[in-house]
Amino acid sequence: MRAVLPIWYLRGLLAGLALPVSGEPPPEPSAEVGVFALPTRIDQIGRVLAAVKIDDKGPFKFIVDTGASHSTISPHLAAALGLDPAAEVRMRVNGITGTAEVPSVTVHKLQAGDLVMEETRLPVVWAPLMAGADGILGVAGLKEETIFVDFRRNRVTISRSRSWGTPAGFSRVAGQRLEGGLLTVPARIGGIRVQAIIDTGSERTIGNIALRDALKGWRRGAPLREVTQVYGATIDVASGEMEVAPTMDLGSVRITDVTIVYGDFHIFEVWGMRSRPAVIIGMDVLGTVSALGIDFRRSELYLEGLRYISGALRRPQPGSLGPGEPQRV
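Anyway, here's the lowdown on the structure attached to this text. (Residues numbered from 1 in each chain as written. Predicted model: local features only at pLDDT ≥ 70, side-chain atom pairs only at ≥ 80, totals over all residues. Heavy atoms only, no water.)

1. Topic: the environment of Val-258
And step 1. Mapped onto the elements of the fold, Val-258 is located in the loop between β20 (253-256) and β21 (259-262).
And step 2. With relative accessibility at 4%, the residue Val-258 sits in the buried group.
And step 3. Sequence separation of Val-258 and Ile-281 is 23 residues, and the distance between their C-alpha atoms is 9.8 Å.
And step 4. Leave out the neighbours within four places in its chain, and Val-258 touches Thr-205, Glu-243, Val-244, Ala-245, Met-248 and Val-285. (Helix = DSSP H or I, 4+ residues; strand = E, 2+ residues; numbered from the N terminus. Buried < 20%, exposed > 50% of the residue type's maximum accessible area, 1.4 Å probe, protein only. Contact = heavy atoms within 4.5 Å.)

Here it is as structure tokens:
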């Protein structure tokens, strides 16, 4: 009898799951050698990668996803390591638009910096946002670690949390942990109180319907919303509405010109965030700072230096995803 393990919050699989159950994914382009902390610019959305060893082999490049409670491995890397997906043990994963059951493999040891996980089972998946990477390192479930990402120096470190207080030159935003380890911070968008999830695995910043409706008063006289399609980790496709949001405040940090994709997305139901305004802050915003850190033991977010950030992606630029095109959020 086929076993289905508990649902994992692998929200990082946002761009569509190519062949989620079987078959080979499209060829993966090689990641730029040596690049781990890629900042967001006008013509690109940044991402964060970590050097990961699997069963003492590697290192391999995994996308660091603070919105996922567990990790994944690509079919290409699983095959290269001789790991045979267990067809009888499938894992149910949650994406933005729905759920899917995928094959899995067991790894004896996964190591990234000071983080070590032993005898763990990983779902085998591929999604377009993983292009050039070997997997996704889900870190939402961490308890004692700290992650620092320095975009200027191309440096990503995962280490044990230390009682050093707020790093010099950083703004501190106190948060709290939800079930599954998700880090949320209190925020305001256009004066509306919002529950914000810090998500380095999401390319775009997305909001729920409650937030969209709460901003109706601010929207008076603003341009009409642009409708787009959002592909998730399943075959389900959801409609989204893209719109430039009013000013977003995270503690002492003020962020402007952020385009939010609003929709009735499945993941907000999974996380119990349908009834109140909520937003998932993606790399289109996080990648515009000089450096960021998350202390999971203290439930704190650190943003370096900047107290007033202008979003790098007010509207999609030529060569990036635009209205009417599938959104990788």
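2. Overview of the environment of Leu-38
And step 1. Mapped onto the secondary structure, Leu-38 falls in strand β2 (residues 37-38).
And step 2. On the accessibility criterion, Leu-38 (22% relative accessible area) is partly exposed.
And step 3. Here the alpha-carbon distance between Leu-38 and Arg-155, two residues 117 residues apart in the chain, equals 9.5 Å.
And step 4. Setting aside anything within four residues of it in sequence, one finds Leu-38 in contact with Gln-44, Ile-45, Gly-46, Arg-47, Phe-151 and Met-283.

3. With respect to the sheet that holds strand β12 (residues 170-174)
And step 1. Taken in spatial order, the 5 strands line up as β11-β10-β23-β24-β12 in an open sheet, and their pairing is antiparallel. The strands lining the two open edges of the sheet, one partner per strand, are β11 (155-160) and β12. Mean inter-strand twist for the sheet, computed between neighbouring axes without regard to direction, equals 15 degrees.
And step 2. With 5 bridges joining them, β12 and strand β24 (residues 300-304) adopt antiparallel strand pairing. (Pairing = 2+ DSSP bridges. Axes fitted to C-alpha atoms, helices over the stretch in contact; angles between N-to-C directions.)

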